[in-house]
Amino acid sequence: MSILPFPKTSLSKEEILASMRAARDRDVQWQNGRVFGLVYHVSDEIDELLKEAFTMFFSENGLNPTAFPSLSKFENEVIAMAANLLGGDENIVGTMTSGGTESLLMAVKTARDFARVQWSVKDPEIILPSTAHPAFDKAGEYFGVRMIHVPVRADFRADVEAMRDAITNNTIMMVGSAPSYPHGVVDPIRELADIAQARGILFHTDACVGGFMLPFVRKLSYPVPDFDFNVPGVTSVSADLHKYAYAAKPASIVLYRTSELRRHQMFVSTDWPGGIYPSAGMAGSRPGGPVAAAWALLNYLGEEGYLNITSVVMRTTKILQDGINAIPGLKVLSNPEMSVFAIASNKLDVYELADELSLRGWHLDRQHFPPSLHMTVNYVHAQVADDFLKDLTEAAATVRRPGVRKAATKLLVSTANALTRVLPEKWVKSLMDKASSMMGGDGNLPERMAPMYGLMGTLPNRGDLKELVLDLLDGINTYKK
Ligand SMILES: Cc1ncc(COP(=O)(O)O)c(C=O)c1O
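Residues numbered from 1 in each chain as written. Predicted model: local features only at pLDDT ≥ 70, side-chain atom pairs only at ≥ 80, totals over all residues.

K.L.:
It is not clear to me how the nonpolar core should be interpreted in this structure. Could you clarify?
P.N.:
Burial of nonpolar side chains together is a common tendency in soluble globular proteins. Counting 121 residues, the largest nonpolar core has Ile-126, Ala-247, Ala-293 and Ala-294 as the members making the most contacts within it. The greatest single-element share of this core, amounting to 13 residues, is contributed by helix H10 (residues 289-325). Non-local contacts of Ala-294, meaning those with residues more than four positions away in its chain, are made with Val-78, Leu-241, Ala-245, Ala-247 and Ala-251. (Core = buried A, V, L, I, M, F, W, Y, C linked by C-beta atoms within 7 Å. Buried ≥ 20, exposed ≤ 12 C-beta atoms within 10 Å, placed from the backbone. Helix = DSSP H or I, 4+ residues; strand = E, 2+ residues; numbered from the N terminus. Contact = placed C-beta atoms within 7 Å.)

What follows is the structure, encoded as structure tokens:
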């Protein structure tokens, strides 16, 4: 690591802000809908409200609710409103967390401790579809719970029979997504949760993406299968405020059917000289801003506001999906319930397509199993849907045309391991920097990534890839001159 001397003298506020503005230059342009994921944006007016609410509670600390009853009120009201939206009764309890990942970590830790106490399970297992978010695997690693992944059906939804067959005496919980991130489809939650209930185990619905959208999609008369507390076997639900509720990051909720279950999420130290120390979630000190901003926005928009937003997003999604399906060689995978989906092709290399779109200023994540490009459509995309389809049509035409470069890419890609092709571009760039410096190159990379993704695929196995990615993560999290 290079050394950065600790600043000896102060800079002016103007200098600091100017250098921060400059640092943003190469960030993706989310404000004008150029990125399909990561940022959920409605309007400047909503951002103003979020910022005002956030900064009003900028200094407050959610660690101690007795010092800040305001934050406690906001949090409890957000939870109670969400419980109502998600089919819950007055017994539902929950916690605000720092995001979908923390919500899932908490759901897994709660299930583990509940099962340990209630059923004396020592080697807990959780059964989940292969499309469930990797935060479950993270939770498994952190908390010593074995994750049993079950391949999904041809329509990318959880395979109910196969998940039933995977149950053992160690199974403490089953999981379904509403919807899954990779293909945007809702798992058959009712069928899965019925099995869980019949077997006397827990069931978690990961509605991190859909929790604040699917209820409104249904109210607008689109078909939405049951996924929430309306299903008796569902014992916990996660839903992200910083996704389709359009609240400020970081904010999510995890809800439990009973407070008896939630008790296993909580931590209490009674013997510390510093006093009795209770804590509901992972964090100690907790920022007040996201709690205040979420409360403000739910009240500002209300059902009426969310229905308007959802209706725009669903119309935009239809325009985009129809446009994509009309481009020869491209198709939307399966039939997603809301506004998250994947573009695939039997004829074109979708990684080449992603490169062509990148050159035209669009940012789409690459996926594998099967190769596809991911789209999370939100309100901001209504204004760019036509431009996107125009560029996608051009990009597909370019990829379709034969050429020497493409033939070379094809050769490379044909040797590639699919796993390595879905890394974020920046990682691939630094990885190739590394590889290239090892090969004596200057580390300068072309704008096109498809050949690079292909080259990465020559790594012999997944273990090597994991080590390389760990190296990369290490590098990205280290200061360099
Ligand atoms: C279905 C699902 N669950 C959980 C998460 C994790 O959310 P976060 O990135 O807020 O931790 C995501 C993120 O995209 C998701 O799509």
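K.L.:
Just checking my understanding: could you explain the confidence of the model for the protein for this structure?
P.N.:
Detail in the predicted coordinates should be disregarded across regions flagged by low pLDDT. With 89% of its residues at a pLDDT of 70 or more, the protein shows a mean pLDDT of 91. Mean pLDDT across the secondary structure elements of the protein bottoms out at helix H14 (residues 425-438), with 60, and peaks at strand E5 (residues 202-206), with 99. (pLDDT = per-residue confidence, 0-100.)

K.L.:
Just checking my understanding: could you explain the packing of helix H4 (residues 100-119) against helix H5 (residues 135-143) for this structure?
P.N.:
For any two helices packed against each other, one specifies the crossing angle of their axes together with the interaxial distance. It is at 9 Å that the axes of H4 and H5 come closest, and there the two elements cross at 50 degrees. Classified by the interaxial angle, the pair formed by H4 and H5 is oblique. Judged by the twist between their axes, the crossing of H4 over H5 is right-handed. Together, Gly-100, Thr-101, Leu-104, Leu-105, Val-108, Lys-109 and Arg-112 of H4 and Ala-135, Phe-136, Lys-138, Ala-139, Gly-140, Tyr-142 and Phe-143 of H5 make up the contact between the two elements. (Axes fitted to C-alpha atoms, helices over the stretch in contact; angles between N-to-C directions. Parallel < 35°, antiparallel > 145°, perpendicular 65-115°, else oblique. Left-handed = near helix turned anticlockwise from the far one by under 90°.)

K.L.:
Please explain the site of the ligand as it appears in this structure.
P.N.:
Neighbouring residues of the ligand: 13 residues in total, closest Gly-99, Gly-100, Thr-101, Tyr-181 and Cys-208. Of the residues belonging to the shell around the ligand, the class tally is five nonpolar, six polar and two charged. (Near = placed C-beta within 6 Å. Nonpolar A, V, L, I, M, F, W, Y, C, P; charged D, E, K, R; others polar.)

K.L.:
Quick question: what am I supposed to make of the pairing of strand E3 (residues 146-150) here?
P.N.:
Within a regular strand, the side chains alternate between the two sheet faces. With five bridges connecting them, strand E2 (residues 125-129) and E3 associate as parallel partners. In the strand pairing of E3, Leu-128 is matched with His-149. Crossover E2 to E3 through H5 is right-handed. (Pairing = 2+ DSSP bridges. Right-handed = clockwise from strand over helix to strand, strands pointing away.)

K.L.:
Is there a simple way to explain the packing of helix H11 (residues 350-359) against helix H12 (residues 385-400) in this structure?
P.N.:
Between H11 and H12, the least distance of the axes is 9 Å, while the angle of their chain directions is 130 degrees. One element, H11, and the other, H12, form an angle in the oblique class. Relative to H12, H11 is oriented so that their crossing is right-handed. Where H11 abuts H12, its residues Glu-352, Leu-353, Glu-356 and Leu-357 lie against Asp-391, Leu-392, Ala-395, Ala-396, Thr-398 and Val-399. Classifying every residue of the contact of H11 with H12 by side-chain character gives six nonpolar, one polar and three charged.

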